Amino acid sequence: MGVIVAALILGFFYFYLPSTTNHGESISVPKITGLQLADAEAVLEEQSLRYFINDSTYRPDQKPFEVLTQDPAPGQKVKENRKIYISVNMKNPPMIKMPKLIDGSVKNAELILKSYDLRKGKITFVPDLQQNAVLKQFVDGKEVKPGEMIPKGSVVDLHVGDGLGETEFEMPKVVGMPVDEASVLLVGQGLQIGNIFYVQGSGEPDGTVVKQRPYAEVGARIRVGELVDLWVAGQEPVQGID
């Protein structure tokens, strides 16, 4: 009886158990990221492995049902029938709320779009005094308000202010005026002072505007926010010296 029991124990541990658990045998995990789900399944079946989808996400630059990640990683040794955990790219993008980009800068809009997995599209500059500020936001040619639902990964086009404006008026003449008075007049009419050039030998008192650009010709018009360059008689003041 002792011999029979010993034989049964040895047979169980050294023959039956190894054959049912593939003792000492291992399989190298194949690389399935980048494959379509059906192709990945076929590859795993050939290696006597299984898969389980534990996550899914949406990436517009990759194909639907493409395997994005896998665990264990390629090359790791596992037992037969081991389950490989994968994440797959969704066919349809999930819907998300459109963020508020209006009144912020283009740079700020880019950061917000990236954080929402949205993409920046075409930027169109339109007349407005808010320079580089987002005025409107569009998806597929339709204006979208903040909070409206849009597909994740959408391309968002922006209308951005050019810092000018639609209002046109006659170009003011500042030639012959002191430069400080000319600057106050131009800024008061919604214009910007551009470059100031100092010239000598004009015959005018120092600090007098002797030339301007754009010129104040008859009928010349200018838009709000545009730049005006000035030429001033005299020598350029040295900063910090009275």
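Let me sum up the structure you'll find in this document. (Residues numbered from 1 in each chain as written. Predicted model: local features only at pLDDT ≥ 70, side-chain atom pairs only at ≥ 80, totals over all residues. Heavy atoms only, no water.)

### Focus on the overall build of the protein chain
Right, on to step 1. In terms of helices and strands, the protein chain carries four helices and 16 strands.
Right, on to step 2. Residues counted as buried form 29% of the 242 residues belonging to the protein chain.
Right, on to step 3. The long-range share in the protein chain, meaning contacts at least 24 apart out of those at least 6 apart in sequence, stands at 72%. (Helix = DSSP H or I, 4+ residues; strand = E, 2+ residues; numbered from the N terminus. Buried < 20%, exposed > 50% of the residue type's maximum accessible area, 1.4 Å probe, protein only. Contact = heavy atoms within 4.5 Å.)

### Things to note about the sheet that holds strand E2 (residues 50-57)
Right, on to step 1. The sheet built from three strands is open, its strands ordered E2-E5-E3 with mixed pairing. The two strands at the open ends of the sheet, each matched to only one other strand, are E2 and strand E3 (67-71). Mean inter-strand twist for the sheet, computed between neighbouring axes without regard to direction, equals 25°.
Right, on to step 2. As defined by bridge partners, E3 adjoins strand E5 (residues 83-89) across four bridges and the pair is classed as antiparallel. Across the sheet, the residue bridging to Gln70 is Ile86, located in E5.
Right, on to step 3. Here helix H2 (residues 37-46) sits on the sheet in contact with E2, E3 and E5, set at roughly 155° to E2. (Pairing = 2+ DSSP bridges. Axes fitted to C-alpha atoms, helices over the stretch in contact; angles between N-to-C directions.)

### Some thoughts on helix H4 (residues 179-188)
Right, on to step 1. Taken together, the buried positions of H4 are occupied by Val179, Ala182, Ser183 and Leu186. Down the axis, H4 shows its buried residues gathered within 100° of arc, on one side only. Facing away from the buried side of H4 by more than 90 degrees, the exposed set consists of Asp180, Val184 and Gly188.
Right, on to step 2. If you follow the buried residues of H4, they end up packed against strand E13 (192-199), strand E14 (209-213) and strand E16 (227-233). (Arc of directions from axis to C-beta.)

### Here we look at unusual backbone geometry
Right, on to step 1. The omega angle of the peptide bond from Asp71 to Pro72 is 5°, so this bond is cis rather than trans.
Right, on to step 2. For Pro72, the position within the fold is in the loop between E3 and strand E4 (77-78).
Right, on to step 3. In this chain, Arg213 is followed by Pro214 through a cis amide linkage whose omega measures 5°.
Right, on to step 4. Structurally, the position occupied by Pro214 is in the loop between E14 and strand E15 (221-223).
Right, on to step 5. Residue Asn132 is not a glycine yet carries a positive backbone phi of 65°.
Right, on to step 6. Among the structural elements, Asn132 can be located in the loop between strand E7 (119-126) and strand E8 (134-139).
Right, on to step 7. Backbone geometry at Asp140 places phi at a positive 55°, although glycine is not the residue there.
Right, on to step 8. When you line up the elements, Asp140 lands in the loop between E8 and strand E9 (142-143).
Right, on to step 9. Judged by relative accessible area, Asp140 falls into the exposed class, the value being 76%.

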